[in-house]
Amino acid sequence: MKRKKLFLYYLDPRNVSASVEKYGYTYNVKNTILAYLIVILLSAAAGAVFKLGVPGVCVVALYGMAMMPQVIVNSYKNMYEQKRFSDVNMYIEQILYSFRKTPKIITALQDVEKIISQDSPMRKCIKEAIQYILYEYSEENSLDTGLKIIEKNYKCQRLKDVHALMQKTEKIGGDYESSIKILLSGRAVWETETCKFQKECKNRQRMVNIALALVCSVCLFTPLVILKFAPVVDITTSPIYKIGTVVMILISMRTYIKADSMAAVNWLRNESTLTDEEQRRLYQKVKYYDFDREKRKSLMWSALAAGFGLAFFLLKWKYPAVLCVLLFFFMINQHKIGYKLARKRCSEEIAKAFPQWLMEISLLLQVSENVNTAIAKSMEEAPAILEESLEEMQSQIMENPESNAPYMNFMKEFGIMEIQSAMGMLYSISSGRGGDASLQIDEILSKNTSLLGQSESMSNDNRLAALYWQFLFPSIIGGGKLIVDMTLVTIAFMSTNLY
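So, a few notes on the structure that sits alongside this text. Just so it is clear, the structure is predicted and the values come from calculations on it, not from any experiment.

Now for the overall build of the protein. Looking only at helices and strands, the protein has 19 helices and 0 strands in total. Relative to its 499 residues, the protein shows a buried fraction of 45%. For the protein, long-range pairs separated by at least 24 residues make up 73% of all intrachain contacts whose partners lie at least 6 apart in sequence. A total accessible area of about 26,800 Å² is found for the protein, and carbon and sulfur atoms account for 61% of it.

Where nonpolar side chains cluster on the molecular surface, the patch consists of Ile33, Leu34, Leu37, Ile38, Ile40 and Leu42 and spans about 540 Å² of accessible area. Mapped onto the elements of the fold, Leu34 is located in helix α3 (residues 29–50). Overall, Leu34 belongs to the partly exposed group, its relative accessible area being 48%.

This part covers the packing of aromatic side chains. Enumeration over the complete set of coordinates arrives at 15 aromatic pairs. Centroid distance Tyr25 to Tyr76: 5.4 Å. Interplanar angle 55°. Geometry classified as tilted. Placement of Tyr25 in the loop between α2 (13–21) and α3 and of Tyr76 in helix α4 (residues 53–101) is noted, with a sequence separation of 51 residues between them. Residue Tyr25 is classed as partly exposed on the basis of its relative accessible area, which comes to 27%. The exposure class of Tyr76 is buried, given its relative accessible area of 16%. For the ring pair Phe328 and Phe329, a centre distance of 5.4 Å and an interplane angle of 75° mean the geometry is edge-to-face.

The interhelical angle for the contact between helix α5 (residues 105–115) and helix α6 (residues 121–135), taken along N-to-C directions, is 150°, at an axis separation of 10 Å. Classed by the angle they form, the pair α5 and α6 counts as roughly antiparallel. In the packing of α5 onto α6, the handedness of the crossing is left-handed. Note on element contacts: α6 touches α5 through Arg123, Ile126, Lys127, Ile130, Ile133 and Leu134, opposite Ile106, Leu109, Gln110, Val112, Glu113 and Lys114. Grouping the constituent residues of the contact of α5 with α6 by class yields 7 nonpolar, 1 polar and 4 charged.

Formed by 41 residues in total, the largest nonpolar core has its most connected members in Val88, Tyr91, Ile95, Leu96, Leu109, Ile126 and Ile150. Secondary-structure elements contributing two or more residues to this core are α4, α5, α6, α7 (142–153), α8 (157–172), α9 (177–229) and α14 (334–367). Residue contacts for Ile95: discarding those within four places in its chain leaves Ala108, Leu109, Val112, Val162 and Met166. Core analysis: the next-biggest nonpolar cluster, separate from the first, contains 36 residues, Tyr339, Phe354, Val371 and Phe410 among them.

In this section: the pattern of salt bridges. Tallied over the entire structure, the rule returns 12 salt bridges. As a salt-bridge pair, Arg293 and Glu294 come within 3.6 Å of each other at their nearest N and O atoms. Looking at Arg293, the relative accessible area reads 44%, which means it is partly exposed. For the salt bridge of Lys297 with Glu294, the shortest nitrogen-to-oxygen distance reads 3.7 Å. Taken together, the positions of Lys297 and Glu294, both in helix α12 (residues 291–314) and 3 residues apart, correspond to about one turn of that helix. Lys297 gets classed as partly exposed once you look at its relative accessible area, which sits at 36%. Taken together, the shared-partner salt bridges connect Glu93, Arg187 and Glu191 into one network.

Right, let's get into the layout of surface pockets. Computed from the structure, the second largest pocket encloses a volume of approximately 500 Å³. Along the walls of the second largest pocket sit 17 residues, with Leu42, Ile249, Ser252, Met253 and Tyr256 positioned nearest its centre. Elements with a contribution of two residues or more to the lining of the second largest pocket: α3, α4, α9 and α10 (239–263).

Cut-off values and rules
Residues numbered from 1 in each chain as written. Predicted model: local features only at pLDDT ≥ 70, side-chain atom pairs only at ≥ 80, totals over all residues. Heavy atoms only, no water. Helix = DSSP H or I, 4+ residues; strand = E, 2+ residues; numbered from the N terminus. Buried < 20%, exposed > 50% of the residue type's maximum accessible area, 1.4 Å probe, protein only. Contact = heavy atoms within 4.5 Å. Areas by Shrake-Rupley, 256 points an atom, 1.4 Å probe, with all protein chains shown as cover. Patch = residues over 30% accessible without salt bridge, like charges linked within 9 Å, V, L, I, M, F, W, Y side chains within 5 Å. Salt bridge = Lys/Arg side-chain N within 4 Å of Asp/Glu carboxyl O. Phe/Tyr/Trp six-rings, centres within 6.5 Å; stacked < 30°, edge-to-face > 60°. Axes fitted to C-alpha atoms, helices over the stretch in contact; angles between N-to-C directions. Parallel < 35°, antiparallel > 145°, perpendicular 65-115°, else oblique. Left-handed = near helix turned anticlockwise from the far one by under 90°. Nonpolar A, V, L, I, M, F, W, Y, C, P; charged D, E, K, R; others polar. Core = buried A, V, L, I, M, F, W, Y, C linked by side-chain atoms within 4.5 Å. 1 Å grid on protein atoms, 1.4 Å probe; cavity = no way out; pocket = protein on both sides within 12 Å on 5 of 7 lines; lining within 4 Å. Points joined across faces, edges and corners; volume = space filled by probe spheres on them.

Here it is as structure tokens:
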């Protein structure tokens, strides 16, 4: 229903302009009409080349007119997201440098406002925050609320980390120099990884487009070559050929749109795509996985597959029997496969969330070197997937404050070496056995920079994998189309020989 509504919605050129305006740009209705005319001309050209006939051209043209606005909107969305990333990146860098010089939030905001370009939405947002902080007397905590105005418009965890540091420093004091250094270092990692990801997205999108062009060329080349060497075999007049070609063109257009949409993403995204509740369920599923119960399910389903396989074998239905054998081996191991997939996903989510929590701990340790207190305070805003393990660790620390077991057992079941290393450092600071605490905090912050880079790279790799499947999809389209064409050629040859 949603796709149908979108399909009809974009057929009105005014709605295209309205969608573009949401991203802060102006797009003339005449340009949309011109784009529709270009689509109609290209559809007519494709109809002439592929010999689709009038009905085929009409279908391709109508679908193209419905898809073209999404290409237009995506191009403006991409510029919009690039601008937001650039503004936030500059904001984080400049406000940290300004705050380092003068540790006053309002001063830092006023300095950054002068640097951001006049027409940028970010500048308007900063100005609104400044006005609220300076002149809103009815709000007891106007500073926090003013900064949340920026956070609400630019949902970015790194932005929140910067604001958290500035608020803690202005309210409590403490040595903030190391924290600013690590936030600047994290910003640099984020910028590098995101720019690398943007470049790779463009390369993958270009590969998809090349693959689609090659598929269409090959599918055009085959019937034309056969027609040249065997004029009596003309499959282009077949309704099946026309329908198959139209379907191929429509799927190719949809693949192009999908790849284009995946390349126009929110670069300020949160680290996890799961909600807090989904994170908690995923963690509990892995930690409390009932192997005995799941194994019983595996045996039940595999027995069912074996029963059907035996029945098909007795009936001498060869292919269904083979399929049931394959299904039997899958079902008998489904509890192991399910656990491995859930554990892998959970490990990925933990690897993304842990650097965020470690950053919070590092900021809290700048104010107080009491690790236990920092851990307790960090639990208020800790990522959902870490909550249960943090509660367990805190409880164990309360029972045995001198032991290293609570630290070393934290997320131990997932075997993530970086987490074990960082928790070892926290224990050293807590016990006072590692020498200079400030140097150890710097070491934790440095390790966190490395973890942030790995987390960012992991998130990007997952998105690139989805784009890679879009690259492979044209091969499936082309393979299916060639099978149809060659089947028609074979039938045409046999018909010719018979007469």
